[in-house]
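An overview of the molecular structure
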Amino acid sequence: MSLTPTKQPIIPRIKRETIKSLIKSGERIDGRKPEEFRKISIWLNPVPKAEGSALVKLGDTTVMTGTKLEIGTPFSDRPDEGVLQVHAEFVPLASPSFEPGPPDENAIEAARVVDRCLREPRAIRLEDLVIIPGKKVWLVFNDIYLLDHDGNVIDASMLSTMLSLNMAKIPKIVSIEDDNVIIEKTVKERPLPINLNVVTVSIGLLEGYMIVDPTLEEETVLDTKIVVGVDEKGRIVGIQKTGMEGIKPSQLDDLIDLALKKSQELHSIIREVLNNPNAYTTPLVLQ
Amino acid sequence: MIEKPVLIRDDGLRHDGRRPDELRPIKMQVGILKNADGSAYVEYGKTKVVAAVYGPREVHPRHLALPDRALIRCRYHMAPFSTSDRKSPAPSRREIELSKVIREALEAVIFSELFPRTSIDIFIEVLQADGGTRTTGLTAASLALADAGIPMRDLIAGVAVGKVDGVLVLDIDELEDEYGEADMPIGYAASIDEIMLLQLNGVLTLEEFRRAIELAKEGARKIYDQMKKTLHDKYLKIIEK
């Protein structure tokens, strides 16, 4: 059952009013412009035991994603495709309002939005992950781990997911005997086959004013937030409206235009990182 | 894998004979359950959904009560027999997500500040699923809230637009959802002209997205009119008596 959120971070009314009036005058509480992302820091493969991993800091929002590959059986209706699973954990160390236990609706929503944005444009070539058709395929487990929550979790999750998947290497298959596949995890054979990269741009709305990449404090005063998935060809690959107010249909055009424009920035970051991976495999300095 | 069926026939009509901008036959009834404070039964073609509202009522457990507004709780759930393969009755990740987006859509219209320290509980049961269950559920929940007499800014009509064989079509069914390229459910409050629920599962260009929103609004407006008529028919009769 889904409940009205009761454990919102407490922000003094005077600060809420300040955040609101700043947004309405085209400014932000942290000094950014309405259409500006926070500083983005990236580390590749911080967890070498995973087949691929990435850590993304979007301002103070910190997300680590690990990709694990295992041998398993395909879905019976898709015998010629590997399997992709996206999960998200909002672990209790990330925020005073998170509690231990199975993923809540926010974590499930984040994982499912990321999952759809990958699946619909066929971002991963699942057909290249078949070992024995109908019997053995690679299972791709993509686990998103939120370590520090300061708003706009989905954009950070999507970015770290995309980087982690790009870093993932498929282990070597040593032998196949009667449907029994033996792998050698320490020997990496080929990269995970990626068709195209996808990013999400989350746009917050307050009384018709739009802001990109809201912080947690800003999220608590927003009317609603729209997450737009955009692939590297500039196509819309997913949308999710979250939040407890409506949006005027007449504003959707401007909103999607802004999302498409801002998506190019994120795509160029992904390109730059993947072109110079060594520059981003430095030891983790989270400060 | 089964061969992809023809979704748009040579004559331009859909697999079930509908035009691209045509809704399925829609049926609505309100006040169908004795115990609930408000209830509704809605069919979009073969999709059948019942919704019930309890409240405003005392909150259990009490510590969840909010001092300045009603707590809204919403559960979207599919019956085990509603799908071709039996669905486990335990809530799936999909149902948890849909409960959230439907609740958020309804939060936007309910005057919850009028009922502090109470809860308004909304239950949606999908009895038969043939595509468009979240939008049918949203329409049913909105009618059930009105039937319960809960003050709202507007009714919300749910409808999905899809893209099948490259064509934008209104109110997609299960076959079109399964083999189509995109599914975009929306919840539209027609009098105040606001979109309360918006999701897109699939790939669209900017131009297609714009046309899809227009198509969805047109379809939702027809459903909205039928919702109003259903409520009028029931309550005007009572007033006349």
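It should be noted that the structure appears before, not after, this text.
The structure reproduced in this document is the subject of the present report. (Residues numbered from 1 in each chain as written. Chains lettered and ligands numbered in written order. Predicted model: local features only at pLDDT ≥ 70, side-chain atom pairs only at ≥ 80, totals over all residues. Heavy atoms only, no water.)

In this assembly, 44 residues from chain B lie in contact with 41 residues from chain A. Both sides together, the interface formed by chain B and chain A hides about 3,800 Å², and carbon and sulfur atoms give 58% of it. Put simply, chain B and chain A have six salt bridges between them. Counting every contact that joins chain B to chain A gives 22 residue pairs in polar contact (both at pLDDT 80 or more). In terms of residues, the side of chain B that touches chain A owes the most to one element, strand 9 (residues 194-204) of chain B, which gives 11 residues. For the side of chain B that touches chain A, the class distribution of residues is 23 nonpolar, five polar and 16 charged. In this structure, strand 13 (residues 236-242) of chain A lies alongside strand 9 of chain B, joined through four bridges in antiparallel fashion. The partner of Gly238 of chain A across the bridge, within strand 9 of chain B, is Asn201 of chain B. (Contact = heavy atoms within 4.5 Å. Buried area = accessible area lost by both parts, 1.4 Å probe. Salt bridge = Lys/Arg side-chain N within 4 Å of Asp/Glu carboxyl O. Polar contact = N/O pair within 3.5 Å; in protein donor to acceptor, adjacent residues only side chain to side chain. Helix = DSSP H or I, 4+ residues; strand = E, 2+ residues; numbered from the N terminus. Nonpolar A, V, L, I, M, F, W, Y, C, P; charged D, E, K, R; others polar. Pairing = 2+ DSSP bridges.)

Turning next to helix 1 (residues 93-107) of chain B. With 15 residues, helix 1 of chain B extends 21 Å from end C-alpha to end C-alpha; this agrees with the ideal 21 Å at 1.5 Å per step. Among the residues of helix 1 of chain B, those classed as buried are Glu95, Glu97, Leu98, Ser99, Lys100, Val101, Ile102, Arg103, Glu104, Ala105, Leu106 and Glu107 of chain B. (Expected span 1.5 Å × (residues − 1). Buried < 20%, exposed > 50% of the residue type's maximum accessible area, 1.4 Å probe, protein only.)

Glancing now at the pattern of salt bridges. Residue and element names in this part refer to chain A. Applying the stated rule across the entire model yields 51 salt bridges over all chains. Across the pair Lys262 and Glu265 runs a salt bridge, and its minimum N-O distance is 2.7 Å. A residue pair is termed a helical-turn pair when its members lie 3 or 4 positions apart in one helix, as Lys262 and Glu265 do in helix 5 (residues 252-275) at three residues.

Our next topic: the sheet that holds strand 5 (residues 118-128) of chain B. In space, the six strands of this open sheet follow the order 1(A)-4(B)-5(B)-3(B)-2(B)-1(B), with mixed pairing throughout. A single partner strand is all that each edge strand has here, and the edge strands are strand 1 (2-3) of chain A together with strand 1 (26-30) of chain B. Examined bridge by bridge, strand 1 of chain B and strand 2 (residues 38-44) of chain B share five bridges and lie antiparallel to one another. By the bridge assignment for strand 2 of chain B, Met28 of chain B is matched with Val42 of chain B. Contacting strand 1 of chain A together with strand 4 (71-78) and strand 5 of chain B, helix 1 of chain B crosses the sheet at an angle of about 140° to strand 4 of chain B. (Axes fitted to C-alpha atoms, helices over the stretch in contact; angles between N-to-C directions.)

Attention shifts here to the side chain of Asp130 of chain B. Residue and element names in this part refer to chain B. With respect to the helices, strands and loops of the structure, Asp130 is situated in the loop between strand 5 and helix 2 (133-147). No salt bridge is formed by the buried Asp130. Its closest oppositely charged neighbour is Arg24, at 4.0 Å. Excluding its chain neighbours within four sequence positions, the residues that come into contact with Asp130 are Arg24, Lys46, Thr47, Asp173 and Glu174. (Lys, Arg positive; Asp, Glu negative; His and termini not counted.)

Successive side chains on a regular strand alternate, one facing one side of the sheet and the next facing the other. In the sheet, strand 10 (residues 198-206) of chain A pairs with strand 11 (residues 209-212) of chain A via four bridges, with the strands oriented antiparallel. Paired with Leu205 of chain A across the strands is Met210 of chain A, a residue of strand 11 of chain A.

At a minimum axis distance of 11 Å, the contact between helix 5 of chain A and helix 4 (residues 206-240) of chain B shows a crossing angle of 155°. With respect to helix 4 of chain B, the element helix 5 of chain A is oriented roughly antiparallel. Seen along the crossing, helix 5 of chain A lies across helix 4 of chain B with a hand that is right-handed. For the pair helix 5 of chain A and helix 4 of chain B, contact is made by Leu252, Asp253, Ile256, Asp257 and Leu260 of chain A and by Leu206, Phe209, Arg210 and Ile213 of chain B, respectively. Here the contact of helix 5 of chain A with helix 4 of chain B is composed, by residue class, of six nonpolar, no polar and three charged. (Parallel < 35°, antiparallel > 145°, perpendicular 65-115°, else oblique. Left-handed = near helix turned anticlockwise from the far one by under 90°.)

Here we come to the nonpolar core. Residues Leu192 of chain A together with Ile110 and Ile122 of chain B are the most contacted members of the largest nonpolar core, which totals 139 residues. Of the residues forming this core, the biggest block, 11 residues, is contributed by helix 4 of chain B. Discounting residues that sit within four places of it in the chain, Leu192 of chain A has contacts with Leu69, Ile124, Leu129, Val140, Leu165, Ala168, Lys169 and Ile170 of chain A. (Core = buried A, V, L, I, M, F, W, Y, C linked by side-chain atoms within 4.5 Å.)

On their own, these measurements won't tell you what the molecule is for.
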